[in-house]
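# Descriptive structure summary
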Amino acid sequence: VEMMPPRPGPREETEEGTRTRQEEEEKTLASRVSCPPVEGSGTTQGQEDKRKEKRYESWPGNETFFCGGRCVTGPYYWGILGTFLLILIPCTVFVAFVAFPLYKELKGNAGGTVLLVISFLLPCVSMSSLFCSGCMDPGIIPRAPAPVGNTDHISRTRNVEVNGHMVLVRYNETCNFYQPPRAHHCSVLNDCIERFDHYCPWVGTTIGKRNYRFYLIFVFSSTLVCIYTFTCSAFLIQMRVDEPDTTVQEALRKEAGALFIMIYVFIGVWFVGGLSFFHIYLLSKNQTTYENIRHSYDRNYTNPYNRGCLANWAEVFCVKVPPRNCNFAEASNV
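Computed from a prediction, not measured in an experiment: that's the story for all the values here. Sequence order sets the numbering: in each chain, residues are counted from 1 along the sequence as written. With the structure being a predicted model, the display of local features is reserved for residues of pLDDT at least 70 and the display and counting of side-chain atom pairs for 80 or more, all residues being used for whole-chain, interface and lining totals. Hydrogens and waters are ignored; side-chain quantities use all the structure's heavy atoms.

## Regarding the overall build of the chain
For helices the rule is a DSSP run of H or I covering at least 4 residues; for strands it is a run of E covering at least 2, with both sets numbered from the N terminus onward. Summing up its helical and strand segments, the chain has nine helices and ten strands in all. Contacts in the chain between residues at least 24 apart in sequence constitute 64% of all its contacts with a sequence separation of at least 6. Reported accessibility uses the Shrake-Rupley method at a 1.4 Å probe radius. Residues are deemed covered only where the shown protein chains occlude them. Counting only carbon and sulfur atoms, one obtains 60% of the accessible surface of the chain, whose full area is about 20700 Å². Any two residues whose heavy atoms approach within 4.5 Å are treated as being in contact.

## With respect to the nonpolar core
The biggest cluster of nonpolar side chains holds 37 residues, and the ones touching the most others in it are Phe-94 and Tyr-215. Where this core is concerned, the elements lending two or more residues are helix 3 (78–105), helix 4 (110–134), helix 5 (212–241) and helix 7 (256–285). Here this core gets 13 residues from one element, more than from any other, and that element is helix 5. Grouping buried Ala, Val, Leu, Ile, Met, Phe, Trp, Tyr and Cys residues that are joined through side-chain atoms within 4.5 Å yields what is termed a nonpolar core. Three exposure classes are used, based on accessible area relative to the maximum for each residue type with a 1.4 Å probe and protein chains only: buried under 20%, partly exposed in between, and exposed over 50%. Core analysis: the second largest hydrophobic core is formed by ten residues, Phe-65, Ile-140, Leu-189 and Cys-326 among them.

## Comments concerning the sheet that holds strand 3 (residues 140–141)
A pair of strands counts as paired when DSSP detects no fewer than two bridges linking them. Reading across the sheet, the three strands line up as 3-8-7 and stay open at both edges, with antiparallel pairing between neighbours. If you trace the sheet from one side to the other, it starts and ends with strand 3 and strand 7 (184–186), each paired once. Alignment of strand 7 against strand 8 (residues 191–193), held across three bridges, turns out to be antiparallel. Counterpart to His-184 in the pairing with strand 8 is Ile-193.

## Examining a nonpolar patch on the surface
For patches, a residue must show more than 30% relative accessible area and have no salt bridge; joins then use 9 Å for like charges and 5 Å for nonpolar side chains, namely Val, Leu, Ile, Met, Phe, Trp and Tyr. Throughout this description, the term salt bridge denotes a Lys or Arg side-chain nitrogen within 4 Å of a carboxyl oxygen of Asp or Glu. Nonpolar side chains collect at one region of the surface, where Phe-230, Leu-259, Ile-263, Phe-266, Ile-267 and Trp-270 lie side by side and expose about 630 Å² of accessible area between them. Examining the composition of the nonpolar patch, we find that five residues originate from one element, helix 7, more than from any other.

## Points about the packing of helix 3 against helix 4
The angle between two axes is taken between their N-to-C directions and runs from 0 to 180 degrees, where each axis is a line fitted to C-alpha atoms and a helix contributes only its stretch in contact. For the pair helix 3 and helix 4, interaxial distance at closest approach is 10 Å and the crossing angle is 175°. With respect to helix 4, the axis of helix 3 lies roughly antiparallel. Facing helix 3, whose interface residues are Ile-80, Thr-83, Phe-84, Ile-87, Leu-88, Cys-91, Phe-94, Val-95, Ala-99, Phe-100, Leu-102 and Tyr-103, helix 4 presents Gly-112, Thr-113, Leu-115, Leu-116, Ser-119, Phe-120, Pro-123, Ser-126, Met-127, Leu-130, Phe-131 and Gly-134. Side-chain classes are defined by residue name, with Ala, Val, Leu, Ile, Met, Phe, Trp, Tyr, Cys and Pro counting as nonpolar, Asp, Glu, Lys and Arg as charged, and the others, Gly among them, as polar. Here the contact of helix 3 with helix 4 is built from residues that sort into 18 nonpolar, six polar and no charged. Orientation categories follow fixed angle ranges, with anything under 35 degrees roughly parallel, anything over 145 roughly antiparallel, 65 to 115 roughly perpendicular, and all other angles oblique.

## Thoughts on the packing of helix 5 against helix 7
Remark: helix 5 packs on helix 7, axes separated minimally by 8 Å, with the N-to-C direction vectors making an angle of 145°. Along this stretch, helix 5 crosses helix 7, giving a crossing that reads as left-handed. Residue classes in the contact of helix 5 with helix 7 are distributed as 21 nonpolar, eight polar and no charged. Put simply, a crossing is left-handed when the front helix is turned counterclockwise from the back one by less than a right angle, and right-handed when it is turned clockwise.

## Comments concerning the packing of aromatic side chains
Note on aromatic pairs: the rings of Phe, Tyr and Trp (six-membered ring only in Trp) are paired at centre separations within 6.5 Å, and the planes decide the class, stacked below 30 degrees, edge-to-face beyond 60, tilted for the rest. What the rule picks out here adds up to 15 aromatic pairs. Centre to centre, the rings of Trp-202 and Phe-271 are 5.5 Å apart; their planes meet at 55°, and the pair counts as tilted. Of this pair, Trp-202 sits in the loop between strand 9 (198–200) and strand 10 (205–207) while Phe-271 sits in helix 7, and the two are 69 residues apart along the sequence. For Trp-202, a relative accessible area of 41% translates into the label partly exposed. For Phe-271, a relative accessible area of 42% corresponds to the partly exposed category. Relative to Trp-270, the ring of Phe-266 has its centre 6.0 Å away and its plane inclined at 90°; by these criteria the two rings are edge-to-face. Of this pair, Phe-266 and Trp-270 both sit in helix 7, four residues apart, roughly one helical turn. Cluster of aromatic residues (ring-pair linked, three or more members): Tyr-56, Trp-59, Phe-65 and Phe-328. The ring of Tyr-178 carries Arg-158 above its face, with NZ or CZ at 4.0 Å from the centroid. When the ring centre of Tyr-305 is taken as origin, the NZ or CZ atom of Arg-182, which lies over that ring, is 4.0 Å away. Think of it as a cone above the ring: NZ of Lys or CZ of Arg counts as a charge over the ring if it is within 6 Å of the ring centre and within 35 degrees of the ring normal.

## Details of the sheet that holds strand 5 (residues 165–172)
On the basis of which strands lie adjacent, the open sheet formed by three strands has the order 4-5-6 and antiparallel pairing. On the outer flanks of this sheet lie strand 4 (157–162) and strand 6 (177–178), each paired with one strand and no other.

## Points about the pattern of salt bridges
Here the structure, examined in full by the defined rule, presents ten salt bridges. In this structure, Arg-240 and Glu-105 form a salt bridge, with 3.3 Å as the shortest nitrogen-oxygen distance. Taken together, the positions of Arg-240 in helix 5 and Glu-105 in helix 3 put the pair 135 residues apart, joining distant regions of the chain. Given the relative accessible area of 10%, Arg-240 is considered buried. Taking the relative accessible area as the measure of exposure, Glu-105 reaches 40% and is therefore partly exposed. The partner of Glu-243 in a salt bridge is Lys-254, and the shortest N-O contact between them spans 3.9 Å. On the criterion of sequence distance, the pair formed by Glu-243 in the loop between helix 5 and helix 6 (248–254) and Lys-254 in helix 6 is long-range, its members being eleven residues apart.

Below, the structure written as structure tokens:
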């Protein structure tokens, strides 16, 4: 008689079933891990990169950043808005109450069209250069890593040669490097600025190597705006005085807008006009405002950067804007 093998007991069936279920679960889990994430679901590398901190978000200086780090201004950036209004409001009054009346008086003459075009063009140049100088990196130098250990061995000053002359540079303990020639640590931005000129509250940021050109265009064009608007306003009042049976008082009463412009720009031209002449002198000598105030190049010291008047002007206006030392919009390595 053939004997049948004994059937497994209930406990043996349970153990085999448990092992089978565990194997199936492990296979399912392995298949899920090995499968790539479906587009639109899960986390991708690009999404992880987007969540990385940008350099401007952890920047140690006092700058204010807009547009994802592409626009850089100072901590008191509202100064540039105030300056913008100081230009926009009187220019609007001038165009409405002086430029258009003069255009009507000179209608049919090419001079009227030219006058109207200049009335729009000059203020636009002034305001656009204001924002260019106030909203760009002036030449910020990134800080170096802090030295490890005792720093007593680091000399606080050293001499470097510039155009055949020895120039003294200082070690900056905040930024942890020797400042390049003409660089200075701005106390407002709390960063070192290449070719530091000065901090301008009217522009809302520091003037340095990268935005000095646009600052000069702003100052020079603002001076031209003052001279132009004063001359046109005076001309319009004189036209009213020349009308029959019109006194000076009546002409001023008729052209109150022109009178307002004359008084306003007469006050403003002393400020921007003085700045224009001062920076014409500095530019011709290749000096910065900071160097001039500190009397860096008195009789006993030669300015190693002075290349002659024309070459000094070409150095500012006939070269490309230097590239940034730091891309604030890129992801931080930290």
